[in-house]
Amino acid sequence: MIQTTPLAAYYPPARLVEFANWQLPVFYEGVLKEHQAVRQAVGLFDIAHMGKFRLQAPIAEVERLVPSRLAHLKAGQAQYTLLLNEEGGILDDVIFYYRGADSWRVIVNAATRAADFTWLHSHLESGLLVDESATKTLLALQGPQAASTLQELCDQDLSTIQRFGHAEVRLQNAPAWVARTGYTGEDGFEILTPVAQGIALWQALLHLGVTPCGLGARDSLRLEAAMHLYGQDMDITTNPWAAGLGWVIDLEKGDFLGRTALVALKEVGISQKLVGLEMQERGIARHGYAILTQGDIVGTITSGGPAPSLNRNIAMGYVPTVLAKVGTELQVRIRNQDLTAVVVKRPFYRRGT
């Protein structure tokens, strides 16, 4: 059954598509306009389809579930990390927000929400896990004007919330939880509220002139920032070393689920790596397209498309480790033509540059 978020009845006219069993806007007035609004001003996304969990458990117990160190977190801080199986495969990428006193929020991907909840619940030795996805909305306000825009509705000085920080505040004189996180490569906030308040906040932000944005801009923005999309750039068959996510792993922190497999993988070495590619000829590399060298298929595009901020076409994909060096020339097969692409550093776009 296709689901809709509580905000669906309040969308401006939009083109809707199915995504992870949800009906969501792919764009309102146009992907390019929405992309540029986030890069230059401020855009608003309905991300209520994402999984929203509340967790009560000691830090030491939660830390055993993920490869990242969490013990350093203070109340109001967060950590991007991964859920892994025993073989080191990626079950999902998530953010753990520490609220203090063994209290957490966990935001997970929509497509993996049910599986993530079951997995977390099955591995918790104690504590309480609650799925708040149906009772809460989640908005993403993103762009260089996000802070000044939200400040008009907020009773707290938002400049005190640093990147990957979060706090309980009052928006429109009602309690809300805001996190300085996002999926666009820009400054911004993700805002969790009860449903009725989320609807009122959506309407208030649009009234302030914020541009509503859909999945199209969300995808082009995150691609420019080289942020992974679960199910495309990584999945259960992918290990963090190959996906370029080794930076979230702390092998020295003690045991965690998947650690033994990750140690073994690191010792053996990985055969493939996720790389960034910049097309050198006209042509857009899309998910699933073949990557070649000297006529031989050596890899696959995981994500690709135009980069409006850069005026070029970019992509990510897996290639043999020996071909992953920046500057390596490869080809992408597009409509039976092998077009030149070059391995480049990621991210493709960095805020302020």
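Source: prediction; values computed, not measured.

Asks: I'm lost on helix α3 (residues 113-123) in this one. Help?
Replies: Within an α-helix, residues lying three or four positions from one another point in the same direction, as the helix has 3.6 residues per turn. Turning to α3, its buried residues number three or more, namely Asp 116, Trp 119 and Leu 120. Considered in projection along α3, the buried side chains sweep an arc of 95° and stay on one side of the axis. Those residues of α3 that are exposed and angled more than 90 degrees off the buried face are Ala 114, Thr 118 and Ser 122. As for α3, its buried residues are in contact with β4 (51-56), β5 (77-84), β6 (90-100), β7 (103-108) and β8 (128-131).

Asks: Help me understand empty space enclosed by the protein in this model?
Replies: Where empty space is left becomes clear once a probe the size of a water molecule has been rolled over the atoms. What the rule picks out here adds up to one cavity of 30 Å³ or more. Estimated volume of the largest cavity: approximately 60 Å³. Along the walls of the largest cavity sit Leu 24, Pro 25, Tyr 28, Phe 45, Asp 46, Ile 47, His 49, Cys 213, Gly 214, Leu 215 and Arg 218, which together make up its complete lining. Within the residue set of the lining of the largest cavity, elements represented by two or more residues are β2 (22-27), β3 (43-46) and α6 (215-224). The residue inventory of the lining of the largest cavity, partitioned by class, reads seven nonpolar, two polar and two charged.

Asks: Explanation requested: unusual backbone geometry in the structure shown.
Replies: For residues that are not glycine, phi is negative in most cases, and the peptide bond is trans in most cases. Look at the link from Arg 346 to Pro 347: it is a cis peptide, with omega at 0°. Of note, Pro 347 is situated in the segment after β19 (337-344). Unusually for a residue other than glycine, Gln 294 sits at a positive phi of about 55°. Mapped onto the fold, Gln 294 is located in the loop between β15 (290-293) and β16 (296-307). With a phi angle near 65°, Asn 336 is a residue other than glycine that sits in the positive phi range.

The rules behind each value
Residues numbered from 1 in each chain as written. Predicted model: local features only at pLDDT ≥ 70, side-chain atom pairs only at ≥ 80, totals over all residues. Heavy atoms only, no water. Buried < 20%, exposed > 50% of the residue type's maximum accessible area, 1.4 Å probe, protein only. Helix = DSSP H or I, 4+ residues; strand = E, 2+ residues; numbered from the N terminus. Arc of directions from axis to C-beta. Contact = heavy atoms within 4.5 Å. 1 Å grid on protein atoms, 1.4 Å probe; cavity = no way out; pocket = protein on both sides within 12 Å on 5 of 7 lines; lining within 4 Å. Points joined across faces, edges and corners; volume = space filled by probe spheres on them. Nonpolar A, V, L, I, M, F, W, Y, C, P; charged D, E, K, R; others polar.

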